[in-house]
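Architecture and fold: a report
What follows is each chain in one-letter form.
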Amino acid sequence: MTMETILILAATEADGSLGKPALEAVGVAMRVGEQLGARIVCGLFGEAVQGGANQLADSGATRYLCVSGQGFAQARYATDAAAAQSLCKEAQATLVFAPCTSRMARCLPGVAQQLGGRADTHVTAVCVADGCPRVQRWYYRQRMEGVFTRAHRPWFILVDPGSQPVWTGAVRPTATESLDVTLPESALRTKVTGFCEPRTGARTIKPDADLLFVAGAGWTKKQADGQAHASEAESLIREFLNLSRASLGSSKSLVELGGEGQAVLGFLSHLNQVGQTGSTPRHPKGLATCCHGEEPHTVGWRFINDRRAINLDALCGW
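Description of the overall build of the chain
Helices and strands together make up the secondary structure of the chain, namely eight helices and 14 strands. Evaluated residue by residue, the chain yields a buried proportion of 47% over its 318 residues. Partitioning the intrachain contacts of the chain with sequence separation of at least 6 by distance along the chain shows that 71% fall at a separation of at least 24. Only carbon and sulfur atoms are counted for the fraction: they give 51% of the accessible area of the chain, which is about 15900 Å².

Structure representation (structure tokens):
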């Protein structure tokens, strides 16, 4: 079997450093590289890259390839794809590990197509069996988990942020090799002029929050007086979210009540849905309230570093 060449591919932050998602992918690539006995190459692109290269001084890479300059500061498909393609070609990579951020997931599938390779996004784990890397990811809205491998190369593996521990190593000056990537004028036409975000109190989905608060259909059921108090439930939940700075999740039954003409929480949508039929949350802690059962809402929750999911209904006997 031909020896694999692993490329750790990442875009740097504004200050030239690597963020947490990139460092998680670094840890996965290093572990797989050690098990395969593969050669590791680091490839970074952005406006400044030296800080990120210094962070990877202990990665065991044989080369540190960089594409830098003002043209690569903003997240654009044209410029990001040009940088990534140049780095992959120079490294002669057979396996490419990258974080599954919006920036990388937007450009790398196209790069894989241009290089005649394959790309898999939202990978939650990678292992080596029988001398071959095997990736793990969820399908069908987190109802099924699959483990598979590919013989096709190059293979782009985008690791989901929050699914792996953050890799740490010594930071020291590292020699880099700069690649000259010429960008056509048309590649620079797209410009980011600013960011439009909802007010802090209005935003309920917070991937970086320390706590995930899951609301179930019990919040809109009739109470002792025979009435449903959805407006009071909204106020209580909003106040809790504002004070705790938690992210809001929901059971499938609660977000679908609106279609049945029942009282609902106005700020909920299917984007808040978590569990077997929704998204896979990766918050350090989870608190489920008024849900009909713990199992459907905690299955698929991937916690690392001794994280915990708690169902308040089960504790209180509701």
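Looking at the packing of aromatic side chains
Going through the model one piece at a time under the given rule, you end up with three aromatic pairs. Residues Phe213 and Phe240 carry aromatic rings whose centres are separated by 4.8 Å and whose planes lie at 45° to one another, so their mutual orientation is tilted. Placement of Phe213 in strand β11 (residues 211-215) and of Phe240 in helix α5 (residues 230-244) is noted, with a sequence separation of 27 residues between them. Taking the relative accessible area as the measure of exposure, Phe213 reaches 4% and is therefore buried. Relative accessible area serves as the criterion here: at 30%, Phe240 is assigned to the partly exposed category. Sitting above the plane of the Tyr139 ring, Arg137 keeps its charged end 4.8 Å from the centroid.

Quick notes on a nonpolar patch on the surface
A surface patch of nonpolar side chains, about 340 Å² in accessible area, is lined by Tyr139, Tyr140 and Met144. Along the chain, Met144 falls in strand β8 (residues 144-148).

Thoughts on the side chain of Glu4
Structurally, Glu4 is set in the segment before β1 (5-11). Here Thr94 takes part through its side chain, which lies 2.5 Å from a polar atom of the side chain of Glu4. Residues within four places of Glu4 in sequence aside, it is in contact with Leu36, Ala38, Arg39, Thr94, Leu95 and Arg153.

Quick notes on the environment of Asn242
The residue Asn242 is located in helix α5 in this model. Since its relative accessible area comes to 44%, Asn242 is described here as partly exposed. Separated by 38 residues in the primary sequence, Asn242 and Thr204 place their C-alpha atoms 9.4 Å from one another.

A word on the pattern of salt bridges
Where charged atoms from two side chains of opposite charge come close, those side chains can pair. Summed over the entire model, instances satisfying the criterion amount to seven salt bridges. Close ionic contact of Glu177 with Arg63 constitutes a salt bridge, the shortest N to O distance being 2.8 Å. Residue Glu177 is located in strand β10 (residues 177-178), and its partner Arg63 is located in strand β3 (residues 63-68); the two are separated by 114 residues in the primary sequence. For Arg150, the salt bridge goes to Asp120, with nearest N and O atoms at 2.7 Å. Within this pair, whereas Arg150 is found in the loop between β8 and β9 (155-159), its partner Asp120 is found in strand β5 (residues 118-123), the two being separated by 30 residues in sequence. According to the relative accessible area criterion, Arg150 is partly exposed, its value standing at 30%. When salt bridges with common partners are traced through the structure, they connect Arg63, Glu90 and Glu177 into a single cluster.

Procedures and definitions
Residues numbered from 1 in each chain as written. Predicted model: local features only at pLDDT ≥ 70, side-chain atom pairs only at ≥ 80, totals over all residues. Heavy atoms only, no water. Helix = DSSP H or I, 4+ residues; strand = E, 2+ residues; numbered from the N terminus. Buried < 20%, exposed > 50% of the residue type's maximum accessible area, 1.4 Å probe, protein only. Contact = heavy atoms within 4.5 Å. Areas by Shrake-Rupley, 256 points an atom, 1.4 Å probe, with all protein chains shown as cover. Phe/Tyr/Trp six-rings, centres within 6.5 Å; stacked < 30°, edge-to-face > 60°. Lys NZ or Arg CZ within 6 Å of the ring centre and 35° of its normal. Patch = residues over 30% accessible without salt bridge, like charges linked within 9 Å, V, L, I, M, F, W, Y side chains within 5 Å. Salt bridge = Lys/Arg side-chain N within 4 Å of Asp/Glu carboxyl O. Polar contact = N/O pair within 3.5 Å; in protein donor to acceptor, adjacent residues only side chain to side chain.

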